[in-house]
Amino acid sequence: MSDSYLVTGVMSGTSCDGLDIALCRFVPQGSSFSFHILGSRSVEYTGEWHEKLRNAHTLQALDLIQLDHEYGNFIGHCLNKFHKECKEKPTLIGSHGHTVFHQPLQGGFSLQIGHGANIAALTGIDTVTDFRSLDVALGGQGAPLVPVGDRDLFHEFGACLNLGGIANLTIRRKNSIEAFDICPVNMALNELAAEQGRTFDRDGEGASAGNVQAELLNILEKLEFYSITGPRSLGKEWYTSVFHPVLGSADHSVSDKLATVCEHIAMRIAACLPADVNENVLITGGGAHNNYLISRLRYHLELKGTGIHLPERAITDFKEAIIFAYLALLRCLGKVNTLASVTGAQTDSSGGIIHKGASN
């Protein structure tokens, strides 16, 4: 085993706002690793890229294949520029890609585009992509994938909560890990903000100007997904077919809808945290910058005696990119990076396809 590993992680979330990139050095530390962020950057999608990715699920097969390659080239060029700025070139890239379809139970597949061979060819660096397919083939949901990183890299926290397009939670037990998706976050909040001509609800200003609507909140709270226990994950399909229609049919102002959805998110998260998790919860992702949402989350968690921890911005914004760098490293070391206990698969696995860089 090497003294350290230099790996770049790349993440594009369901909120479709941009590409997060983090260059990390991982140092073996006993049975785990410590990490240092050497550089990070968010590449905001242009309007054209935002529309391409947002509508990718509507494409015919040939057009989707073309977009997969085009997006892989886009990622490769972004990485070359990023590594030049950092004046460092890693030996490995882990790219999650952008999720177009996630139907592990209904269809037996989960598709993330961003062609790995194109990334490897353009950068000359070994690249790991397609982290979810092996777990799905093993009967799992291919999600969540971050628990291994939460367990190994953020072990000082009782729970790790990511507020991205979808909220996902990892709860650390003494001898086990529990993890699952909870509910939509920025996927819903950004869509509502767009109705006001904004990309997102900055600082929760729109929500703070609204009022929680009890009837709408009650409908959201009773959605069938929230009664499921055990391994569970959410995708855009569920949001589009279930959550979005509820918001669309509600006759309230956008600000009222924003306030209600924030209350729903905070209540769902609080309901999912067991009473014995009384340590600080690490909160990351774009939603961590929404002051109104955090205030409501703090209120509901403090009722349970649970505190929250908002880390430095680099961790807040790039935690998932960091973890996909780590998952790629584990894959190349032949170590488990996907836990059957949280995905529902037949067995733990080391997921991801390795594409050899052109210079290797």
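Here's a quick rundown of the structure. The model shown is predicted, which means the values in this text are computed figures rather than measured ones.

**Points about the side chain of Asp 126**
Relative to the helices and strands, Asp 126 resides in strand E7 (residues 126-129). In this structure the side chain of Asp 126 is engaged in a polar contact, spanning 2.8 Å, whose partner is the backbone nitrogen of Gly 357.

**Some words on the packing of aromatic side chains**
For the structure on display, the rule yields 16 aromatic pairs. Look at Phe 26 and Tyr 326: their rings are 5.6 Å apart centre to centre, the planes differ by 40°, and that puts the pair in the tilted class. Placement of Phe 26 in strand E2 (residues 18-29) and of Tyr 326 in helix H12 (residues 313-332) is noted, with a sequence separation of 300 residues between them. Each ring, one from Phe 225 and one from Tyr 226, has its centre 6.0 Å from the other, and the planes form 75°; the classification is edge-to-face. In this structure Phe 225 comes out as buried when scored by relative accessible area, which is 10%. Its end group placed over the ring of Trp 49, Lys 52 keeps NZ or CZ at 4.8 Å from the ring centre. Above the plane of the ring of Tyr 226 lies Arg 268, whose end atom (NZ or CZ) is 5.0 Å from the centre.

**Overview of the nonpolar core**
Leu 161, Leu 163, Leu 169, Ile 182, Phe 243 and Ile 283 are the most contacted members of the largest nonpolar core, which has 49 residues in total. Here the element with the most residues in this core is helix H10 (residues 254-272); it accounts for ten residues. Every residue in contact with Ile 182, bar those within four places of it in the chain, is listed here: Leu 161, Ala 167, Leu 169, Phe 225, Tyr 226, Leu 234, Arg 268, Ile 269 and Cys 272. Listed in part, the 35 residues of the second largest apolar core include Phe 131, Leu 153, Tyr 326 and Leu 327.

**Describing the pattern of salt bridges**
Applying the stated criterion to the full structure yields eleven salt bridges. For Arg 268, the salt bridge identified is with Glu 221, shortest N-O distance 3.0 Å. Remark: Glu 221 occurs in helix H8 (residues 214-221) and Arg 268 occurs in helix H10; sequence separation between them is 47 residues. The class of Arg 268 is buried, set by a relative accessible area of 13%. Using a relative accessible area of 18% as the deciding quantity, one classes Glu 221 as buried. Across the pair Glu 263 and Arg 296 runs a salt bridge whose closest N-O atoms are separated by 2.7 Å.

**With respect to the environment of Leu 297**
Its place among the elements puts Leu 297 in helix H11 (residues 291-302). Residues Leu 297 and Ala 266, spaced 31 residues apart in sequence, show a C-alpha to C-alpha distance of 4.6 Å. When near neighbours in sequence (up to four residues on either side) are disregarded, Leu 297 contacts Leu 161, Leu 163, Ala 266, Ile 269 and Ile 283.

**Notes on the sheet that holds strand E12 (residues 308-309)**
Overall, mixed pairing links the five strands, which are arranged E10-E9-E8-E11-E12 in an open sheet. Taken across any chain shown, the strands that pair with only one partner, and hence form the sheet edges, are strand E10 (177-184) and E12. The sheet contact formed by strand E8 (residues 159-163) and strand E11 (residues 281-284) spans four bridges and is parallel. Each residue of the ladder has a partner; that of Ala 159, found in E11, is Val 281. Across the sheet, H11 lies against E8, E11 and E12, angled at about 150° from E8, the strand it touches most.

**Digging into unusual backbone geometry**
Following Ala 143, the chain continues into Pro 144 via a peptide bond in cis, with omega recorded as -10°. Mapped onto the elements, Pro 144 comes out in the loop between helix H4 (133-137) and helix H5 (147-153). One non-glycine residue, Lys 87, lies in the positive phi region at around 60°. Here Lys 87 lies in the loop between helix H2 (61-86) and strand E4 (92-95). Even without glycine at this site, Asp 130 takes up a positive phi of about 55°. Among the structural elements, Asp 130 can be located in the loop between E7 and H4.

**Quick word on the state of the cysteines**
By the definition in use, this model includes zero disulfides. Of all cysteine sulfurs in the structure, the one in Cys 183 sits closest to Cys 262, which takes part in no disulfide; the separation is 10 Å.

**Describing the pairing of E11**
Covered by surrounding structure in E11 are Val 281 and Ile 283 together with Leu 282 and Thr 284, the residues of both alternating faces. When E11 meets E12, the two strands line up parallel, connected through two bridges. Within the sheet, the bridge partner assigned to Leu 282 lies in E12 and is His 309. Each parallel crossover has a hand, and the one from E11 via H11 to E12 is right-handed.

**Some remarks on the packing of H8 against H10**
Between H8 and H10, the shortest axis-to-axis distance is 10 Å and the interhelical angle comes to 40°. As summarised for this structure, H8 and H10 are arranged oblique, according to the angle between their axes. The two elements H8 and H10 cross, and the hand of that crossing is right-handed. Facing H8, whose interface residues are Leu 216, Leu 217, Leu 220 and Glu 221, H10 presents Lys 257, Thr 260, Val 261, Glu 263, His 264, Met 267 and Arg 268.

Conventions used here
- Every residue gets a number counted from 1 within its own chain, in the order that chain's sequence is written.
- Thresholds applied to this predicted model are a pLDDT of at least 70 for local features of residues and 80 or more for the giving and counting of side-chain atom pairs; totals over whole chains, interfaces and linings are not thresholded and use all residues.
- Side-chain measures here rest on the full set of heavy atoms in the structure, leaving out hydrogens and waters.
- Secondary structure elements are taken from DSSP: a helix is a run of H or I of four residues or more, a strand is a run of E of two residues or more, and numbering for both begins at the N terminus.
- Any pair of N or O atoms that falls within 3.5 Å is considered a polar contact. Within protein, one atom must be able to donate a hydrogen and the other to accept it, and sequence-neighbouring residues count only if both atoms are side-chain atoms.
- Each pair of aromatic rings taken from Phe, Tyr and Trp, with Trp reduced to its six-membered ring, is defined by centres within 6.5 Å and is described as stacked if the planes are under 30 degrees apart, edge-to-face if over 60, and tilted in the remaining cases.
- Buried, partly exposed and exposed residues are distinguished by accessible area as a fraction of the type maximum, computed with a 1.4 Å probe on protein chains only: under 20%, between the cut-offs, and over 50%, respectively.
- The rule for a charge over a ring is simple: NZ of Lys or CZ of Arg within 6 Å of the ring centre, and within 35 degrees of the ring normal.
- To define a nonpolar core, start from buried Ala, Val, Leu, Ile, Met, Phe, Trp, Tyr and Cys residues and group those joined through side-chain atoms within 4.5 Å.
- Pairs of residues are marked as contacts when any of their non-hydrogen atoms sit within 4.5 Å.
- Think of a salt bridge as a Lys or Arg side-chain nitrogen and an Asp or Glu carboxyl oxygen that are within 4 Å of each other.
- A pair of strands is labelled paired if DSSP reports no fewer than 2 bridges between them.
- Helix axes are fitted only over the stretch in contact, all axes being lines through C-alpha atoms; the angle between N-to-C directions runs from 0 to 180 degrees.
- Cysteine sulfur atoms are paired as a disulfide whenever they come within 2.5 Å of each other.
- We call a crossover right-handed when, viewed with the strands running away from us, the connection from the first strand over the helix to the second turns clockwise.
- If an angle is under 35 degrees, it is roughly parallel; if it is over 145, roughly antiparallel; if it lies from 65 to 115, roughly perpendicular; otherwise it is oblique.
- By convention, the crossing between two helices is left-handed when the near helix turns anticlockwise from the far helix through less than a right angle, and right-handed when the turn is clockwise.

The values are spatial; any link to function lies outside them.
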